[in-house]
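Here is how the chains run, residue by residue.
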Amino acid sequence: MSDSWLGLKNKVVVITGAVGGMGTKFSKDFAEQGAKVVLVDLLKDKTEALAKKLTDEYGVETLALQCNTTNEKEVDQAVKTVVDKFGQVDVLVNTAAILRFSPLEDLRLDEWKQALDVNITGYFLMSQRFGKIMIKQNHGTLIHISTAASLSPETYSGAYSTTKAAVNMMSKQMAAEWGQFGIRSNTVLPCLVKTPLSENFYSDPKVEDGRKRLVASKRIGNLTDISNTVLFLASDRSDYTNGSEIPVDGGIHMMISDMIPKPGGRRQYAIDHHDPK
Ligand SMILES: NC(=O)c1ccc[n+]([C@@H]2O[C@H](COP(=O)([O-])OP(=O)(O)OC[C@H]3O[C@@H](n4cnc5c(N)ncnc54)[C@H](O)[C@@H]3O)[C@@H](O)[C@H]2O)c1
């Protein structure tokens, strides 16, 4: 991919959850564009190893920060370290989140609170503290990785959907309050994406086929699909996109009417569609 259209070269990009399935891909793609990448994660060794790899492969400056996004002191220290090293911050990608499956009636209070802490408070704290630098600079871009499950509940996923719905609103509020300071805030809503963690769901071809049928685009997404949207939102090419929720899901979010069983043998795209393969 050429760096000229996106213009991300030398931008300072902070990515949380940087060594997870999505975070690793985002970090690599920003480095490939020539951005200075700040990797934030709980996992010190993995974060340092990825930072070194990106510098070796792409010749870009990187910074590895072991930081818990829910810890005020650690986040403030991360902001200071980034500003001391690079003097600015252009993009924050909030990716660090947790998902613990449980029916609501069995969800323990400490699990509920932990999900709220990481998935909402962590996103808020990072945005607020890096946002203050962006306000001073009069420019900056916030990208929050949410999920299609923020629009419709992912059953038995504990507090996950609730926290992600809150992220969508938080992002809009940031867009509304901070747009005047040259800050844009948008959410990305992935669904049905093959990641290192979800890859095993697809080892059964019946599961993959059943899922593909429900997607308008008739395929399962990949990390590049999500990363391309993140890069676009980080770049000035999306300069007038603010407060948006962008589903990256092959259109599954708008297929609900098609999923309703139809009477009298009426044609139904998800069921009657024949895979051209
Ligand atoms: N994987 C999918 O299919 C999928 C689909 C929709 C949305 N998402 C969203 O994408 C994002 C990333 O998902 P993933 O599959 O890469 O997850 P992952 O579990 O592979 O990675 C999450 C990373 O965040 C880090 N992390 C967790 N808590 C942290 C904290 N408090 N402080 C700092 N780092 C912390 C972990 O160490 C890990 O490296 C999440 O926001 C998730 O909700 C994922």
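Quick look at the structure, then. In this text, all values refer to a predicted model and were calculated from it rather than measured experimentally. (Residues numbered from 1 in each chain as written. Predicted model: local features only at pLDDT ≥ 70, side-chain atom pairs only at ≥ 80, totals over all residues.)

**Structural notes on the overall build of the chain**
Broken down by element type, the chain carries nine helices and nine strands. Against the 2.2 N^0.38 benchmark of 19 Å for 277 residues, the chain shows a C-alpha radius of gyration of 19 Å, consistent with a compact globule. Projected onto the principal axes, the alpha-carbon positions of the chain cover approximately 65 × 45 × 40 Å. By residue count, 40% of the 277 residues in the chain fall in the buried class. Of all intrachain contacts in the chain linking residues separated by at least 6 positions in sequence, the fraction that spans at least 24 positions is 72%. (Helix = DSSP H or I, 4+ residues; strand = E, 2+ residues; numbered from the N terminus. Rg over C-alpha atoms; globule rule 2.2 N^0.38 Å. Buried ≥ 20, exposed ≤ 12 C-beta atoms within 10 Å, placed from the backbone. Contact = placed C-beta atoms within 7 Å.)

**Considerations on the site of the ligand**
What surrounds the ligand is a group of 26 residues, the closest being Gly17, Gly20, Met22, Ala96 and Ala97. Examining the composition of the shell around the ligand, we find that three residues originate from one element, helix H1 (residues 21-32), more than from any other. (Near = placed C-beta within 6 Å.)

**Concerning the nonpolar core**
Core analysis: the largest hydrophobic core is formed by 67 residues, its most contacted members being Val13, Val14, Ile15, Val37, Val38 and Leu39. Broken down by element, the residue count for this core peaks at nine residues, all from helix H4 (residues 109-137). Contacts of Val38, omitting those with residues within four sequence positions, involve Val12, Val13, Val14, Ile15, Leu63, Leu65 and Val82. (Core = buried A, V, L, I, M, F, W, Y, C linked by C-beta atoms within 7 Å.)

**Structural notes on the environment of Ala216**
Following the sequence through the fold, Ala216 ends up in the loop between helix H6 (205-214) and strand S8 (221-222). Ala216 sits 39 residues away from Met255 along the chain, and the two C-alpha atoms are 7.1 Å apart. Among residues more than four places away in sequence, those in contact with Ala216 are Gly250, Gly251, Ile252 and Met255.

**Here we look at the packing of helix H3 (residues 72-86) against H4**
Look at H3 against H4: their axes get within 10 Å of each other, and the N-to-C directions meet at 35°. Judged by the twist between their axes, the crossing of H3 over H4 is right-handed. Every residue of H4 that contacts H3 at Glu72, Val75, Asp76, Val79 and Val83 is listed here: Leu125, Met126, Arg129, Phe130 and Ile133. Grouping the amino acids of the contact of H3 with H4 by side-chain chemistry returns seven nonpolar, no polar and three charged. (Axes fitted to C-alpha atoms, helices over the stretch in contact; angles between N-to-C directions. Left-handed = near helix turned anticlockwise from the far one by under 90°. Nonpolar A, V, L, I, M, F, W, Y, C, P; charged D, E, K, R; others polar.)

**Focus: unusual backbone geometry**
Most peptide bonds take the trans form, and the phi angle of most residues other than glycine is negative. Of note, the phi angle at Tyr156 is positive, near 60°, even though the residue is not glycine. Structurally, the position occupied by Tyr156 is in the loop between strand S5 (140-145) and helix H5 (160-178). With 12 C-beta atoms packed within 10 Å, Tyr156 lands in the exposed category. Unusually for a residue other than glycine, Leu192 sits at a positive phi of about 55°. Following the sequence through the fold, Leu192 ends up in the loop between strand S6 (183-190) and strand S7 (193-194).

**Here we look at the sheet that holds strand S4 (residues 91-94)**
In spatial order, the strands read S3-S2-S1-S4-S5-S6-S9; together these seven strands make up an open sheet with parallel pairing. Bordering the open sheet on either side are strand S3 (62-66) and strand S9 (245-248), each of which pairs with just one other strand. On average, each strand axis in the sheet is inclined to that of its neighbour by 15°, with strand direction left out of account. In terms of strand pairing, strand S1 (residues 12-16) meets strand S2 (residues 36-41) through five bridges, oriented parallel. Residue pairing for S2: Val14 is matched across the bridge by Val38. The sheet strands contacting H3 are S1, S2 and S3, and the helix crosses S3 at an angle near 165°. Packed on one face of the sheet, helix H7 (residues 223-234) meets S1, S4, S5, S6 and S9 and runs near 170° to S6. (Pairing = 2+ DSSP bridges.)

It is worth stressing that arrangement in space is one thing and function is another; only the former is reported here.
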